[in-house]
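Here's the letter readout for the chains.
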Amino acid sequence: MPKLEKKLLEWVDRQLYILVLVFISLLALYLRRIPIWWNPENISAYFDCHENCTQSYFYYFLVHAVQYLPLLPIHSIKWLSVFGDFGTAALCLLLTRSGQKTNVQKNNILLPSLCYIACIFSPVLILRGCAWAQIDSLAVMFFLLGWLAWEKEWNLLAALSVLVSTLLYPCMLIFVFYFLWKEKNEESRNNIRKGHNWIRALIFFAVWLLCCGLTALISGKDFGSGVVNGFAWLSYDPITGELFATWLEWITGMLVNLGLAGSVTGGIMFARRRRPSLFFILGTHFLTAALLGSRLFGGIIG
């Protein structure tokens with residue numbers, strides 16, 4: 001066997017894991033070429049906020065900023081969501097890997113790899129991002145980056161990442177406060193009394209409100225409308241801008257708003273600590289996909 005060929009085979013053998021992930025990633029990227037060219041109805045809503053809009057002003061600021069890229073207008077948003085898809089998947093892999101405690105677990109690359117693959121082929125990510133041109137996965141990516149940075153004790157990076165996540169997608173605040181509550185309970189079980197996390201949370205919340213108002217001012221709106229806009233997702237349908245009429249509509253709206261982030265973070269927690277249940281995670285994930293599909297294409301459910 002020629003020396004060059006032998007070295008090439010040795011290199012492939014050493015890098016086989018990365019090469020397989022690259023191949024799978026390219027396949028997932030290729031699959032997105034179909035929904036990239038599909039456009040939903042009322043496409044102008046992606047660029048101009050309707051009355052009682054649930055999207056943040058920071059979202060619209062970012063959407064208008066990417067219009068300067070050499071891409072078709074709606075494609076610039078869709079490729080932003082694709083970046084978020086793969087960023088979210090990569091952080092799922094890293095967080096799952098960092099949660100493996102023993103040396104045997106750390107040498108097991110199968111579970112983190114499966115989390116990565118499940119994420120990039122997720123029907124929720126594809127429907128929500130490439131098809132619907134929503135950049136929720138970008139918000140989830142910044143939240144996961146904040147989670148990873150928090151565990152590494154890179155507190156400034158964690159705070160900035162989570163701030164960007166919640167400004168893009170205000171309902172991510174629920175996950176921020178859930179993780180703070182969860183950490184407080186863990187401190188109580190271990191007889192640790194730090195007590196400053198909730199003070200940090202209040203400071204973070206105040207900064208978030210300030211940034212919501214400032215982005216509204218930059219967008220030509222008043223400061224107060226930016227603050228109110230940060231909570232609109234709790235009461236208004238994201239598509240029609242109308243108040244939820246029934247509890248069922250509200251529950252459906254919350255599942256659409258929180259399903260992606262909930263299934264991703266829940267999947268990581270399951271992979272690391274075996275809870276919540278896998279049935280709950282998969283059930284939430286596919287129910288969210290069905291709801292998104294019914295909104296986009298009609299007639300899938302109901």
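Residues numbered from 1 in each chain as written. Predicted model: local features only at pLDDT ≥ 70, side-chain atom pairs only at ≥ 80, totals over all residues. Heavy atoms only, no water.

Caption draft 1: The arrangement of the side chain of Thr-215 in detail. Take Thr-215: it is sitting in helix 12 (residues 197-218). On the basis of relative accessible area, Thr-215 is assigned to the buried category, the value being 11%. Reaching out from Thr-215, the side chain makes a polar contact with the backbone oxygen of Cys-212 at a distance of 2.8 Å. For Thr-215, the residues in contact, after removing those within four places along its chain, are Tyr-57 and Phe-58. (Helix = DSSP H or I, 4+ residues; strand = E, 2+ residues; numbered from the N terminus. Buried < 20%, exposed > 50% of the residue type's maximum accessible area, 1.4 Å probe, protein only. Polar contact = N/O pair within 3.5 Å; in protein donor to acceptor, adjacent residues only side chain to side chain. Contact = heavy atoms within 4.5 Å.)

Caption draft 2: Molecular detail of the pattern of salt bridges. If you walk through the whole model with that rule in mind, you get one salt bridge. Across the pair Asp-85 and Arg-32 runs a salt bridge, and its minimum N-O distance is 3.2 Å. Of this pair, Asp-85 sits in helix 5 (residues 73-98) while Arg-32 sits in the loop between helix 2 (16-31) and helix 3 (33-36), placing them 53 residues apart in sequence. Using a relative accessible area of 0% as the deciding quantity, one classes Asp-85 as buried. Residue Arg-32 is classed as buried on the basis of its relative accessible area, which comes to 1%. (Salt bridge = Lys/Arg side-chain N within 4 Å of Asp/Glu carboxyl O.)

Caption draft 3: Looking closely at the side chain of Asp-136. Mapped onto the elements, Asp-136 comes out in helix 9 (residues 136-151). Using a relative accessible area of 2% as the deciding quantity, one classes Asp-136 as buried. In this structure the side chain of Asp-136 is engaged in a polar contact, spanning 3.1 Å, whose partner is the side chain of Tyr-169.

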